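Observations on the model geometry
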Amino acid sequence: MKSGPADFKRNDEKELAKAQERIEELENEIRKLDIVLAASQSDHEELYEVYRRKLELGDERDSVMEEWLKLAD
């Protein structure tokens with residue numbers, strides 16, 4: 001069985017939906033970390049770890065968004 005343009009489009013749509021879902025998950029995690037950062041003003045070690053994790057999530061979100069934009073074209 002050969003795959004045609006419709007199969008590629010369906011796969012792209014699935015990948016687009018997965019990317020969108022992951023972006024939303026990452027943005028929710030980042031918002032939660034913002035709350036933790038606001039509440040942890042005196043614990044410098046926790047602040048550092050939470051901020052580092054927030055940066056990692058932001059980088060991953062940016063990467064997924066780039067992929068999402070490529071799929072959306």
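Structural notes on the nonpolar core
Listed in full, the nine residues of the largest apolar core are Ala19, Ile23, Leu26, Ile30, Leu33, Leu37, Val50, Leu57 and Val64. Those elements that provide at least two residues to this core are α1 (5-39) and α2 (44-72). Looking at this core, the element that brings in the most residues is α1, giving six residues. In contact with valine 64, not counting residues within four places along its chain, are Ala19, Arg22, Ile23 and Leu26.

Let's talk about the pattern of salt bridges
Inspection of every chain in the model, using the stated rule, returns ten salt bridges. One salt bridge connects glutamate 25 with arginine 22, and the closest N-O pair in it is separated by 3.0 Å. Of this pair, glutamate 25 and arginine 22 both sit in helix α1, three residues apart, roughly one helical turn. For arginine 22, a relative accessible area of 25% puts it in the partly exposed group. A salt bridge links glutamate 29 to arginine 53; its shortest N-O distance comes to 3.8 Å. In this pair, glutamate 29 sits in helix α1 while arginine 53 sits in helix α2, placing the two residues 24 residues apart along the sequence.

Some words on the environment of leucine 16
Residue position: leucine 16 is located in helix α1. Through-space distance from the C-alpha of leucine 16 to that of valine 64 is 9.8 Å; in sequence the pair is 48 residues apart. Once you skip the residues sitting within four places of it in the chain, leucine 16 turns out to touch Trp68, Leu71 and Ala72.

Cut-off values and rules
Residues numbered from 1 in each chain as written. Predicted model: local features only at pLDDT ≥ 70, side-chain atom pairs only at ≥ 80, totals over all residues. Heavy atoms only, no water. Core = buried A, V, L, I, M, F, W, Y, C linked by side-chain atoms within 4.5 Å. Buried < 20%, exposed > 50% of the residue type's maximum accessible area, 1.4 Å probe, protein only. Helix = DSSP H or I, 4+ residues; strand = E, 2+ residues; numbered from the N terminus. Contact = heavy atoms within 4.5 Å. Salt bridge = Lys/Arg side-chain N within 4 Å of Asp/Glu carboxyl O.

Everything listed is a geometric property; what it means functionally is a separate question.
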